[in-house]
Amino acid sequence: MATPWFATSTVYQIYPRSFADSNGDGVGDLRGIIEHVDYLAHLGVDVLWLSPIYPSPQDDNGYDISDYRGIDPVFGTLDDFDELLTSVHDRGMKLVMDLVVNHTSDLHPWFVESRSSRDNPKRDWYWWRPPREGFEPGTPGAEPTNWGSFFSGPTWAFDETTGEYYLHLFSRRQPDLNWENPAVRAEVYDLMRWWLDRGIDGFRMDVINMVSKDVTLPDGPVRPGAEYGDGWPSFICGPRIHEFMAEMHLEVFDRYDRPILTVGETPGATVDDARLFTDPARRELDMIFQFEHVGVDHGLTKWDQQPLDLVRLKRSLDRWQIGLADTGWNSLYWDNHDQPRAVSRFGDDGEHRVRSAKALATVLHLQRGTPYVYQGEELGMTNTWLPTIDEYRDIETLRHYAAAVAVGADPADVLASIQPASRDNARTPMHWDASPHAGFTSGEPWIGVNPNHTEINAAAAVADDDSVFHHYRRVIALRRAEPVIAAGDYTPQLRDDPNVYAYLRRLDDVELLVVANLSSHDVVAPIEQAQQWTDAEMLIGNIGDPAAPTADGIELRPWEAVAWRRARVR
Ligand code: NOJ
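Keep in mind the model is a prediction, meaning the values are calculated, not measured.

Participant: Looking at this structure, how should I read the overall build of the chain?
Facilitator: A tally of helices and strands in the chain yields 17 helices and 18 strands. Against the compact-globule benchmark of 25 Å for 570 residues, the chain has a radius of gyration of 24 Å, which places it among compact chains. Projected onto its principal axes, the C-alpha positions of the chain cover 75 × 55 × 50 Å. Expressed as a percentage of its 570 residues, the buried residues of the chain come to 61%. Partitioning the contacts of the chain with sequence separation of at least 6, the portion at a separation of at least 24 is 71%. Summing over all exposed atoms, the chain offers an accessible surface of approximately 20900 Å²; the carbon and sulfur share of this is 50%. Between the mean site of the 52 positive side-chain charges and the mean site of the 90 negative ones, the chain shows a separation of 4 Å.

Participant: Would you explain the site of the ligand in this entry?
Facilitator: In the vicinity of the ligand there are 13 residues, among which Asp60, His103, Asp206, His337 and Asp338 approach most closely. Note that an oxygen atom of the ligand is positioned 2.9 Å from one of the side-chain N or O atoms of histidine 103. Side-chain polar atom of histidine 337 to an oxygen atom of the ligand: 2.8 Å apart, as the coordinates give it. The fraction of the free accessible surface of the ligand (300 Å²) that becomes covered by protein chains is 98%.

Participant: So what exactly am I meant to see when it comes to the nonpolar core here?
Facilitator: Burial of nonpolar side chains together is a common tendency in soluble globular proteins. Formed by 107 residues in total, the largest nonpolar core has its most connected members in Tyr12, Phe81, Trp179 and Met192. Setting aside anything within four residues of it in sequence, one finds tryptophan 179 in contact with Val101, Val184, Arg185, Val188, Tyr189, Val211, Phe244, Met245 and Met248.

Cut-offs and rules
- Residues numbered from 1 in each chain as written.
- Predicted model: local features only at pLDDT ≥ 70, side-chain atom pairs only at ≥ 80, totals over all residues.
- Heavy atoms only, no water.
- Helix = DSSP H or I, 4+ residues; strand = E, 2+ residues; numbered from the N terminus.
- Rg over C-alpha atoms; globule rule 2.2 N^0.38 Å.
- Buried < 20%, exposed > 50% of the residue type's maximum accessible area, 1.4 Å probe, protein only.
- Contact = heavy atoms within 4.5 Å.
- Areas by Shrake-Rupley, 256 points an atom, 1.4 Å probe, with all protein chains shown as cover.
- Lys, Arg positive; Asp, Glu negative; His and termini not counted.
- Charge placed at Lys NZ, Arg CZ, Asp CG, Glu CD.
- Near = heavy atom within 4 Å.
- Polar contact = N/O pair within 3.5 Å; in protein donor to acceptor, adjacent residues only side chain to side chain.
- Core = buried A, V, L, I, M, F, W, Y, C linked by side-chain atoms within 4.5 Å.

Encoded structure:
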């Protein structure tokens, strides 16, 4: 399979609210990003992805858009945006915007019109349904389906004005657009072209595999003990999803003759779904974000965190590497604005923080696919243990807390389940330096700064050649320097080993062995025919002086990760 242009690219995600505040209002903004573009160029990333910066009531921090063709004043102006775009392009990087079109804000003019009367021309732009027969409209059970929303409670909100319900898979302030209506799709494609005409380089598409729904809207199965039914079978990769993506490609991407990056966020997508979305011949998307590996430590819900089972994690990632080897493309990520910090979750954020952050970077970035780095990951930023519920800001977290406490759960238990899992772990401000508020703002930050910024911060990391930051620089640079990383095939090793993550990469006459000890004790990795690697060249390691491979295997210290390179023996 030919390797695509983005095979050597690394993407950096910015959550603008929490990145850098230039005007002291406590919220990050575009001018704050402009001030740090050189830092990102120094890191060596190729593409920046901005979480939403459009006008929004900020019910879900911008994932509720009320105007697709502007910038929220809290982030700046379109002039600021153009300046940022130029400054990114001047440094040879690209800029990708978040596209949130499964739903709009309830204050978007389309929805304001849609809800105004049953015969409004935009009524059909959203999913309106009458109350369930035999129930008092607006009371529990009268919802048109039994589905539970991602943010707790039902997926339907009753609207008094017209006596009907509208669908919202997320918050009630995020009504779902009806993609069955061709006028809706035409508007979406138009706004996408508007941004591409302005010069942006692509889109990250929010929950894009939910835009096609089973129009019969059936009830979902109810798990024992669950309050709501599971609507997933009706809206995850629904009946027309591939038709819609192909149409978008034709109506938008095909009209540009420069490289455009497209990545779809697709909860619940399987390897087979991914092959359909990302097979270049089908002309849909470049790659998707799958969720399997970030679900391995979930119990029945994400709030029920289980100890990490490394074998399960490896099995999952291996399956995706192998499943997309001949068709399609992987995105590679540990972190984003919805996930707890990787070093706290998959690594050791205490004694071995630096080593484990580097080990995680090594095993992920040397795989086949396009890696994504989430702001602060390159510093080894950790989860923040917020001590009271009042310090949380995230709508998903707050609604879960309220719902759980309302049905009688002990508030202390609910808080304890939130602390490691909340999305706010990823959303505390970026650590620029050791000063108060971490150099993020001169004002009062919208969410508390992690107290460990005095130790973990960009200024210290850039100055220290041995930091997590410089390790990220090295793995990012290696992807461009070593074709085997971008294009080689992938063979897992030691699949059942509960401590070691190891794999081989091969391309033509070059072979790479990546071995990492993802545990806090010494191990010997019994790599088959390890003696063949005795004279191999060490490509990258995360601790000085690794032991050379011997016939018995490879000795690894806690969280040690090494990649060896050699000419291939055929
Ligand atoms: C996925 C986004 O990543 C998340 O932050 C958001 O809350 C939901 N989609 C709804 O837009």
